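These are the residues of each chain, in order.
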Amino acid sequence: MNEKIAHKAVLIYPEFDTQNTFWSYAQSLKMYAPASEFGLPQRLLPPLGLMGLFSHLKPFYDELCLIDKNIDPRPISEFIADADHVYIGGMMAQEQSLLKLGLEVKKARKILIVGGTAISQQSPLMQVADHLLENEAEGVIDELLAGLSKANAKKYYQGSFVAAEHFFQPDYAAINMQNYVHMAVQISRGCPERCEFCDIPSRFGKAFRVTPWQKTEQSFQQMKDLGWTGQVFVVDDNFIGNPRKALEMLKNLYQIGEKIGYHHPKYTELTLRLADESPVMAELRHWFHKANFINGFYGVETPNEASLLETDKRQNLRGERSLVEKLRFISEQTGAGVMMGMIYGFDNDSDDSVQEFIDFVNASNAPIVMAGLLNALPCTPLITRMQKQGRMIQTSSGNNSDGIINFIPYNFSVQQAEQNYLLILQGIYNPQVYFARVMRHLELIDPELQSNYRAGNNSLAYLIKILTKKHALTYWRYLPVALACAKRRCGFNTPGYMAIVAEFFSLCAQYTHFSSQVSVQRKNIARRDYTDTQMVSWRELQMSEVD
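These remarks concern the structure in this document. Here the structure is a predicted model, which means the values were calculated and not measured.

Here Arg-273 lies in the loop between β11 (266-270) and α9 (279-290). Not counting residues within four places of it along the chain, the set of residues in contact with Arg-273 comprises Glu-193, Ile-240, Pro-243, Met-281, Gln-315 and Arg-318.

See the structure below:
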């Protein structure tokens, strides 16, 4: 039995430093979704890590409080006045908010503990926080708590990879789920791939660690008990990192859905290995459908084969199918939609790569494309190489859609990279090509897979907003095509018909945000000032040194 170490702890999730990004859906949520309980727009996802910490801390405090500053505008002074300990956790993209909140906590003379992927011994939070936890907190949290109890806790705790049975179990009662569009759960950690730009293997290991299925069942059971029937993001680093274990996970998820009486619609992150022509991948595709995954996010990165080889993304080059064919094959086989992560700025990219990038995206069946400029992140082979070559310019913001590249590209300047990025965004998010991808998506998704969730998911008020507000004429223009697709595939006014129409309206709402973000990037890049170093390529710099 754990003993209480103090009366009250407050857990705070900081605001993202840039609230309005491509992947916040801020414009769409503000325009179409109901407001949160505090009047701010809903957020896409809850603070899963702090929800797990909340659950773990319950035996140690009389009172716990979790505050998400992304949806709660109230001053933290209202919550920390009688607190003994304040925990703040976040990512690189929240670093400035972490620092601001940390200073406010220390001004109130409270003991401050910070953790998350933003933490390192080089972080400015070292000068602010009483105690810091780097990497996986589960392995060191009890040592910290014992130290707090005895008043001899260390300044810094270096977490390491922990066994899956020790992963924090999130408590969904710690939040008001109606403040969020989707819920989240993590089943596995780690990825065996070797992509040069990715920090996952160094942060969470190459070994594929899987949460005991009983804990996963508890999470889905609690979500259902609390009334959640919406989408659940399975936030694994690479869901099929170990195909055999992934197959077992999918079968367990199906059985969990059967046991609790509801199969939540799910989506996750995984690789194009799902399109491989192997027996295990064929079985994975079958169970991906059966376990009610309605979408998958795939790290495609680039159609440039030389760039894929450069960044060691060889798994995308397996088999005879092209990348476009793999994406279509996955949707045909699973009935799920595909989303793509794409990157521009590899050493083998050039100005000529821009149109290849645009044409590839627009030939696909992926409406939603997370296109970003390559950044050298901490704890990656890429940053090691860039530092060794002397090409680093600045640290990354952690926001991969801010239109900034943080090192000197090889074949073009920083300025040209950012101009090319704008060309890419304009080329993939103009309405004609976006809705062409939407229609391919609607032709391929399985309406029955979507129908239980989608058919009753849209209120009349939501539809009226979409068809009367920004870009309404565009949405009216493509609505007859979507209706014809739904009728041809499912018959009129059937559950499948309604599911396809609802998916169309959802993608209209998302387009409102994507379109606004293209405008934001256009303005940001137009007023950006560049140094001399940012106006030449690394190749040109090397040539000038030779001359």
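Let's shift gears to the packing of aromatic side chains. Counting across every chain of the model gives 23 aromatic pairs. When the ring of Tyr-344 is compared with that of Phe-357, the centres are 6.5 Å apart and the planes differ by 85°; the resulting orientation is edge-to-face. With Tyr-344 in strand β13 (residues 337-344) and Phe-357 in helix α12 (residues 353-362), this residue pair connects regions lying 13 residues apart in the sequence. With relative accessibility at 2%, the residue Phe-357 sits in the buried group. Taken together, Tyr-25, Tyr-429, Tyr-434, Phe-435, Tyr-475, Tyr-478, Phe-504, Phe-505, Tyr-511 and Phe-514 form an aromatic cluster joined through their ring pairs. Above the face of the Phe-293 ring, Lys-266 is positioned so that its terminal group lies 5.9 Å from the ring centre. One Lys or Arg, Lys-290, reaches over the ring of Tyr-254 and ends 4.9 Å from the middle of that ring.

What follows covers unusual backbone geometry. In this structure, Tyr-25 takes a positive phi of about 55° despite not being glycine. Along the polypeptide, Tyr-25 turns up in the loop between β1 (6-13) and α1 (26-32). Judged by its relative accessible area of 11%, Tyr-25 is buried.

Turning our attention to the environment of Arg-321. Topologically, Arg-321 is positioned in the loop between α10 (305-310) and α11 (323-334). Sequence-wise, Arg-321 and Ala-499 are 178 residues apart; in three dimensions their C-alpha atoms are separated by 30 Å. Among all residues touching Arg-321, those that are not within four sequence positions of it are Ala-275, Glu-277, Lys-326 and Phe-329. At 2.6 Å, the side chain of Arg-321 forms a polar contact with the side chain of Glu-277.

Here we have 6 strands laid out as an open sheet, ordered β2-β1-β3-β4-β5-β6, and parallel in their pairing. Unpaired on one side and paired on the other, β2 (61-68) and β6 (156-158) mark the two borders of the sheet. Adjacent strand axes in the sheet meet at a mean angle of 15°, parallel and antiparallel pairs treated alike. In terms of strand pairing, β1 meets strand β3 (residues 85-89) through 4 bridges, oriented parallel. Note on β3: the bridge partner recorded for Ala-9 is His-85. Across the sheet, helix α4 (residues 95-107) lies against β1, β3 and β4 (111-115), angled at about 175° from β3, the strand it touches most.

Attention now moves to the side chain of Asp-72. Structurally, Asp-72 can be placed in the loop between β2 and α3 (77-80). Owing to a relative accessible area of 2%, Asp-72 belongs among the buried residues under this scheme. Reaching out from Asp-72, the side chain makes a polar contact with the side chain of Arg-74 at a distance of 2.7 Å. If sequence neighbours within four positions are ignored, Asp-72 has contacts with Phe-38, Leu-40, Ile-67 and Phe-79.

Moving on, we get to the sheet that holds strand β12 (residues 293-301). The 6 strands lie next to each other as β7-β10-β11-β12-β13-β14, forming an open sheet whose pairing is parallel. The open sheet has two edge strands, β7 (183-185) and β14 (369-373), and neither has a second partner. Between one strand axis and the next, the sheet turns through 20° on average, direction left out of account. As judged from the 3 bridges shared by β7 and strand β10 (residues 232-234), these two strands associate in the parallel manner. Within β10, the residue paired with Ala-184 across the bridge is Phe-233. The strands touched by helix α7 (residues 213-225) within the sheet are β7, β10 and β11, with β7 carrying the most contacts at an inclination of about 165°. Strand contacts of α11: β12 and β13, with the helix running at about 155° to β13, the strand carrying the most contacts.

It is worth spelling out the packing of helix α14 (residues 414-428) against helix α19 (residues 495-526) at this point. Remark: α14 packs on α19, axes separated minimally by 10 Å, with the N-to-C direction vectors making an angle of 160°. Taken together, the axis directions place α14 and α19 in an arrangement best described as roughly antiparallel. Crossing handedness for the pair α14 and α19: left-handed. Contacts from Glu-418, Gln-419, Tyr-421, Leu-422, Leu-425 and Gln-426 of α14 reach α19 at Val-518, Gln-521, Arg-522 and Ile-525. Partitioned by chemical class, the residues of the contact of α14 with α19 number 5 nonpolar, 3 polar and 2 charged.

Oppositely charged side chains can form a pair if their charged atoms are brought close together. Using the criterion set out here, one finds 25 salt bridges in the structure. With its nearest N and O atoms 2.5 Å apart, the salt bridge here joins Lys-58 to Asp-171. Residue Lys-58 is located in the loop between α2 (48-57) and β2, and its partner Asp-171 is located in the loop between β6 and β7; the two are separated by 113 residues in the primary sequence. Relative accessible area serves as the criterion here: at 40%, Lys-58 is assigned to the partly exposed category. Assessed through its relative accessible area of 6%, Asp-171 is described here as buried. Where Asp-199 meets Arg-203, a salt bridge forms, and the shortest distance between an N and an O atom there is 2.9 Å. The pair formed by Asp-199 and Arg-203 is uniform in burial state, with each residue classed as buried. Several salt bridges share partner residues, and in doing so they unite Glu-196, Glu-310, Asp-347, Arg-385 and Arg-391 into one network.

For the rest of this paragraph, the subject is the nonpolar core. Counting residues in each nonpolar core, the largest one holds 144 residues, and the members touching the most others are Tyr-61, Tyr-87, Phe-239 and Phe-504. Take this core: its biggest share by element is 12 residues, from α19. Once residues lying within four places of it in the same chain are set aside, the contact partners of Phe-504 are Phe-435, Val-438, Met-439, Leu-442, Tyr-475, Tyr-478, Leu-479 and Ala-482. Formed by 24 residues, the second largest nonpolar core is a distinct cluster that contains Leu-99, Val-105, Ile-119 and Ala-129.

Take a positive patch on the surface next. A cluster of basic side chains, namely Lys-470, Arg-522, Lys-523 and Arg-527, defines a positive patch on the protein surface. Looking at the element boundaries, Lys-470 is found in the loop between α17 (460-468) and α18 (472-490). Note on Lys-470: relative accessible area 42%, which makes it partly exposed.

Further remarks concern α18. For α18, spanning 19 residues, the distance from its first C-alpha to its last is 26 Å, which sits close to the expected 27 Å at 1.5 Å a residue. Listing the buried residues of α18 in full gives Ala-472, Thr-474, Tyr-475, Tyr-478, Leu-479, Ala-482, Cys-485 and Ala-486. Gly-491 lies just past α18 and shows a positive phi near 85°.

What counts, and at which threshold
- Residues numbered from 1 in each chain as written.
- Predicted model: local features only at pLDDT ≥ 70, side-chain atom pairs only at ≥ 80, totals over all residues.
- Heavy atoms only, no water.
- Helix = DSSP H or I, 4+ residues; strand = E, 2+ residues; numbered from the N terminus.
- Contact = heavy atoms within 4.5 Å.
- Phe/Tyr/Trp six-rings, centres within 6.5 Å; stacked < 30°, edge-to-face > 60°.
- Buried < 20%, exposed > 50% of the residue type's maximum accessible area, 1.4 Å probe, protein only.
- Lys NZ or Arg CZ within 6 Å of the ring centre and 35° of its normal.
- Polar contact = N/O pair within 3.5 Å; in protein donor to acceptor, adjacent residues only side chain to side chain.
- Pairing = 2+ DSSP bridges.
- Axes fitted to C-alpha atoms, helices over the stretch in contact; angles between N-to-C directions.
- Parallel < 35°, antiparallel > 145°, perpendicular 65-115°, else oblique.
- Left-handed = near helix turned anticlockwise from the far one by under 90°.
- Nonpolar A, V, L, I, M, F, W, Y, C, P; charged D, E, K, R; others polar.
- Salt bridge = Lys/Arg side-chain N within 4 Å of Asp/Glu carboxyl O.
- Core = buried A, V, L, I, M, F, W, Y, C linked by side-chain atoms within 4.5 Å.
- Patch = residues over 30% accessible without salt bridge, like charges linked within 9 Å, V, L, I, M, F, W, Y side chains within 5 Å.
- Areas by Shrake-Rupley, 256 points an atom, 1.4 Å probe, with all protein chains shown as cover.
- Lys, Arg positive; Asp, Glu negative; His and termini not counted.
- Charge placed at Lys NZ, Arg CZ, Asp CG, Glu CD.
- Expected span 1.5 Å × (residues − 1).

By themselves, these are just geometric observations and shouldn't be taken as functional.
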